[in-house]
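So the chains spell out like this:
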Amino acid sequence: MITRILLLNRFCLSLLLVSVAVPVAAVDEAGSLRPGARGIFQEKLLNANPGAGILPAWERVIPSYYFADKSAGGTASAAIFRKAQYRLVCPGIDKAYYGDDFWMEEVFRLGPGADPGRINIAIRNSARVGVDEGGDVVAGFDGGEMILSKPVVVHKTAEGRSATPGSYTVNNRGEVSIQLPVELQATWGKVGSGKFNVVSGGGQFKGPSYDFYSSQFETTNDELLRFLNNAEANQDNAQGANMYFDGKGNVWISPQMKAGRDEMFSIADSRLLYDGRNPVGRRYVHTVDASGNPVSARHPATGVSWYGAVKYCNWLTLFSGRGDKEVCYSEGTNGLDWAPVTATNWGQGRFDDDCRAAWLSKKGFRLPMAYSAVPRLTAGKFNEFYKVAAWNGITNMQYGFGRSTLGTLDANYRRKDGGTLGTLPVGFYDGINMIGGKLTHDCENFFGVYDVSGNAEEWLADFAVSGSVSERGCAGGDWEVSLPDVSQFHGVAPWSTDGGRGFRVATTFMPEDEILVYILYKFYMEPEIMTVETLPESATVINPAEPSKPGAAAEEPGGLNFNLGISSVNRNGISYTNVPTEPRPGPGPGPGPGPGPGPGPGPGPGPRPPPVSFSGL
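Values in this document were obtained by computation on a predicted structure and should not be read as measured data.

Novice: Go over the overall build of the chain, please, and point to the residues and values.
Specialist: Check the secondary structure of the chain and you find five helices and 40 strands. A burial count over the chain gives 54% of its 617 residues as buried. Pairs at least 24 apart in sequence give 64% of the contacts found in the chain among residues at least 6 apart.

This is the structure in C-alpha cells:
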C-alpha cells in the first residue's frame, strides 16, 4: 500500500488530503470506490472566497495556540509556517496553519462582523464522521482516522481576552460546523436583536474598497414593534423626536399629518396592531394565532416609508448607545429636513462623493447606499446594496442569493401563475424549510445575508435620480411582484408606505472585537500500512511567491510548497515515520487554557495506533 499525508492549498482554499492508493479491483465500472475500499480522504473549507490571498509578512501574524513559544513571549515559534496564512478565506475571516512533526493546527481569525457560520468543513470519502463524547470530531477511513480536537475559542476585546471551548455539529453529509460558546453566540456581531455581517472591501470591480456591515436579515416586525413602542414612550427626547402618533397607530413626520406627504408608518400596511387602551410603550402588539403566538414577528417589517426607515436608523444608533453625535440623518417636520448629516446639497437632489466619504466616518446606522440612477444599479465606489446583493467572490450574479438562476425554492416572489405567499419569515429559504412539500434552497449569499432578492423590497439611501428630490431608490423585489434581478432599480416617493416594502440597515462601525478559533488535527493509521513508496512526479503543487509589497498579487494556483515525488522516507521536507511507543508530550500551553493535543477516545474499541508523523506544512 502507498500511504501519504499532504496539506494542499489550491487557489488559496485549503484541502487537507490523506490518501491511500486505490487498487484497481477496488474501483467499480463508474470509477467509484467499492464499499470498504481505500481511497482519497479529503478535508475542505466550503464556500470559501476564491479571491483569498496570501497574508503578507507586513500584516499582523495570526497567533498560534498550540505552538506558542513561551520563551519568545508567546509569539509563533515556527517561522517556516508564516507563509501558511491567508487573508479573507471568507468575508472577514483569515486563516493560518501551524504544525510540527506530529500535529497540525488550523486557526481561523474572525474580525468584527465576521460570520462564524461561514466556517463549514467538508470531510469527504470517510466511512464515518461524528462527534465523540469528548467533543472531538472523529473522521474514520479504512486503515485509520483523523481527529479534530474540540475547538478552542479565544475572544479578544479592548478589556482583555478569554479562552473557552466551542463545539462542533456534523450533518449527514459529513460537513462540520463550528459553534461558538453560548454566551458569545448571544452577542457576537449583534446590535439589539439584529445581527450584522461584514462586507469586506475590494474584490468587486469598481465596487466599495472599504469594509462595511450589513444586517443579515431585513428589519423584522419584532424589531419595528420595539422601535415604535420605545419611540412613543420617548417623544420628549431624541429617540422619539419628530414622530407624531395619531389615535390609530399611524406615525407622521409633521403635526399636520398630511396624507401623501408626511407618512412615516402606516398601521394598515403593516402586520402589527395598535391598541390605544394599553399604556404608552405597549400599544403596538403582534397579530397572534388562536394559541396566542405571534404569527409574523420574524417577517420583514412593512408599511414603513423612507422617513420611517431613516428614523429607525437614528433610533437604533441612540438605543444601542452609540450617541447622538453618531446619528447618520438630520430630522425635521419637512421632507427635505430628513437627509444624511454630511450632505451639503441634499435640497438640490445631490449627495456628493466628498459628503458620502465623510458619512462613512459616522458610527451610527443608516440605509445602504445605491450610488446609481434608475433604472440600473451598477458597481460603484459607494454602491453598497449592489455589492451585498450581487458579488459572489468571483463575479456579479443576478439574484441576491448568489446565483443567476431563479426558481420558486429560491426566493419569495409572485409566481408565473400569479400565486403569492405574502411575507415569509426572514431567512426562510435556508435549505431546511419546505414549500409545497419540497425543500427550499439554501439562499444565504456570499456575505451570509438573506432575502436581498424577494420577500420585501428594500429602501436605499439615495435619490432615485440625482438632481430630483421627489423619489428615493428601492431595489430587490418583493412577494407581490415578478422578481427583478438585483441590478434593477426604481424610484418611490419617500412618504410611500406599502405592504411589500421594507428595509435593511447598514453601518461602517462595529466594535474591534476579534475571535480566534483553534483546531488541532491528529492523524492515526494502522502500523501495517505505514509505508511510503514512490509517487508520481506529476503530482506537484507550486508555492506562490509571497507578495513583496502591498498590492502585489500572488501567483496562481495558490498552495503550500510540496513536491510529491517522494522516493524515500524523508524528502522535500516531508518525513513519514513510526513514532515512539511512548506518547509524545503535547505542545506548551497557549494564551489560555485549552484542550491538550493528546488523543481522545476513538469511536471503536481498542487503543488507537500511534499517530502518523509529518512535517513541511
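Novice: Now, about the packing of aromatic side chains: what can you tell me, with residues and values included?
Specialist: The geometry of an aromatic ring pair is captured by two quantities: the separation of the ring centres and the angle between the planes. For the coordinates displayed, the defined rule picks out 26 aromatic pairs. Each ring, one from Y307 and one from W338, has its centre 6.2 Å from the other, and the planes form 50 degrees; the classification is tilted. Placement of Y307 in helix α3 (residues 306-319) and of W338 in the loop between β26 (329-330) and β27 (339-340) is noted, with a sequence separation of 31 residues between them. Across this residue pair, the class does not change: Y307 and W338 are buried. Here the aromatic residues W306, Y307, Y329, W338, W346, F351, W359 and F463 are joined through ring pairs into a cluster of three or more. Positioned over the ring face of W359 is R366, at 5.2 Å from the centre of the ring. Across from the ring centre of W459, 5.1 Å away, lies the NZ or CZ of R501, which sits over that ring.

Novice: So what's going on with α3? Residues and values would help.
Specialist: Under the 1.5 Å per step criterion, the end-to-end length of α3 is 20 Å for 14 residues, consistent within 8% with the ideal 20 Å. Counting buried positions over the 14 residues of α3 gives 13, a clear majority of the element. Taking the backbone nitrogen of Y307 as reference, a side-chain oxygen 3.2 Å away marks S305 as the first, capping residue of α3.

Novice: Describe the environment of Y521, with residues and values.
Specialist: Here Y521 lies in strand β36 (residues 514-525). Each C-alpha atom of the pair Y521 and M104 lies 5.1 Å from the other, and the pair is 417 residues apart in sequence. Of the polar contacts made by the side chain of Y521, one reaches the side chain of E106; its length is 2.5 Å.

Novice: Tell me about the sheet that holds strand β18 (residues 190-191), residues and numbers included.
Specialist: Read from one edge to the other, the open sheet built from five strands follows the order β18-β19-β20-β35-β28, with strand pairing classed as antiparallel. Edge positions in the open sheet fall to β18 and β28 (365-366), since each of these has one partner strand only. Note that strand β20 (residues 212-215) and strand β35 (residues 506-507) share two bridges and pair antiparallel. Note that in β35 the partner of Y213 across the bridge is T507.

Novice: Got a sec to walk through the environment of L460? Specific residues and values, please.
Specialist: As for its position among the elements, L460 is in strand β31 (residues 457-463). Ignoring sequence-local partners within four residues, the contact set of L460 consists of W306, L367, P368, A370, F385, G473, A475 and F489.

Novice: An account of the pairing of β31 is needed here, citing residue identities and associated values.
Specialist: Burial of β31 is extensive: seven of the seven residues sit out of reach of the surface. Sheet topology places β31 next to strand β34 (residues 501-502); two bridges connect them, and they run parallel. By the bridge assignment for β34, E458 is matched with G502. Pairing geometry for β31 and strand β32 (residues 472-475), over three bridges, is antiparallel. Its bridge partner being in β32, F463 is matched across the sheet by R472.

Novice: Summarise the sheet that holds β34; cite the residues concerned and give the values.
Specialist: Read from one edge of the open sheet, four strands run β33-β32-β31-β34, paired in mixed fashion. The two strands at the open ends of the sheet, each matched to only one other strand, are β33 (489-492) and β34.

Novice: Explain the nonpolar core to me, and be specific about the residues and the numbers.
Specialist: L228, F265, Y284 and L367 are the most contacted members of the largest nonpolar core, which has 70 residues in total. It is α3 that contributes the most residues to this core, eight residues altogether. Non-local contacts of L228, meaning those with residues more than four positions away in its chain, are made with M243, F245, V251, F265, L272 and Y284. Among the nonpolar cores identified, the runner-up in size contains 33 residues, and A52, V137, A139 and Y521 belong to it.

Novice: Before we move on, could you go through the pattern of salt bridges and cite the residues and values that matter?
Specialist: Scanning the model with the defined rule gives 19 salt bridges in all. D352 is the partner of R350 in a salt bridge, and the nearest nitrogen-oxygen pair spans 3.0 Å. Residue class for R350 comes out partly exposed when judged on its relative accessible area of 35%.

Novice: How would you explain unusual backbone geometry if you had to name every residue and give the values?
Specialist: In this structure, the amide linkage connecting V374 to the following residue, P375, adopts the cis form with an omega of 15 degrees. For M257, which is not a glycine, the phi torsion comes out positive at approximately 50 degrees. With respect to the helices and strands, M257 occurs in the loop between β22 (251-252) and β23 (263-265). Looking at M257, the relative accessible area reads 29%, which means it is partly exposed.

Novice: Tell me about helix α2 (residues 221-232), and name the residues and values.
Specialist: An α-helical turn contains 3.6 residues, so any two residues separated by three or four positions project in the same direction. Taking 1.5 Å of rise per residue, the 12 residues of α2 would be expected to cover 16 Å, and the 16 Å separating its terminal C-alpha atoms lies within 8% of that figure. Burial within α2 is extensive, with 10 of its 12 residues counted as buried. N221, E223, L224, L225, F227, L228, N229, N230, A231 and E232 are the residues of α2 that are buried.

Novice: With reference to specific residues and values, describe the environment of P181.
Specialist: Counting through the fold element by element, P181 comes out in the loop between β17 (175-179) and α1 (182-185). Judged by relative accessible area, which is 10%, P181 ranks as buried. Sequence-wise, P181 and P165 are 16 residues apart; in three dimensions their C-alpha atoms are separated by 6.7 Å.

Novice: Describe the layout of surface pockets, naming the residues involved and giving the relevant values.
Specialist: Empty space within the second largest pocket amounts to approximately 370 Å³. Taken together, 20 residues make up the lining of the second largest pocket; nearest its centre are G92, D94, G111, P112 and D211. Within the residue set of the lining of the second largest pocket, elements represented by two or more residues are β7 (85-90), β8 (93-99) and β9 (104-110). Of the residues in the lining of the second largest pocket, the class split is seven nonpolar, four polar and nine charged.

Parameters and conventions
- Residues numbered from 1 in each chain as written.
- Predicted model: local features only at pLDDT ≥ 70, side-chain atom pairs only at ≥ 80, totals over all residues.
- Heavy atoms only, no water.
- Helix = DSSP H or I, 4+ residues; strand = E, 2+ residues; numbered from the N terminus.
- Buried < 20%, exposed > 50% of the residue type's maximum accessible area, 1.4 Å probe, protein only.
- Contact = heavy atoms within 4.5 Å.
- Phe/Tyr/Trp six-rings, centres within 6.5 Å; stacked < 30°, edge-to-face > 60°.
- Lys NZ or Arg CZ within 6 Å of the ring centre and 35° of its normal.
- Expected span 1.5 Å × (residues − 1).
- Polar contact = N/O pair within 3.5 Å; in protein donor to acceptor, adjacent residues only side chain to side chain.
- Pairing = 2+ DSSP bridges.
- Core = buried A, V, L, I, M, F, W, Y, C linked by side-chain atoms within 4.5 Å.
- Salt bridge = Lys/Arg side-chain N within 4 Å of Asp/Glu carboxyl O.
- 1 Å grid on protein atoms, 1.4 Å probe; cavity = no way out; pocket = protein on both sides within 12 Å on 5 of 7 lines; lining within 4 Å.
- Points joined across faces, edges and corners; volume = space filled by probe spheres on them.
- Nonpolar A, V, L, I, M, F, W, Y, C, P; charged D, E, K, R; others polar.

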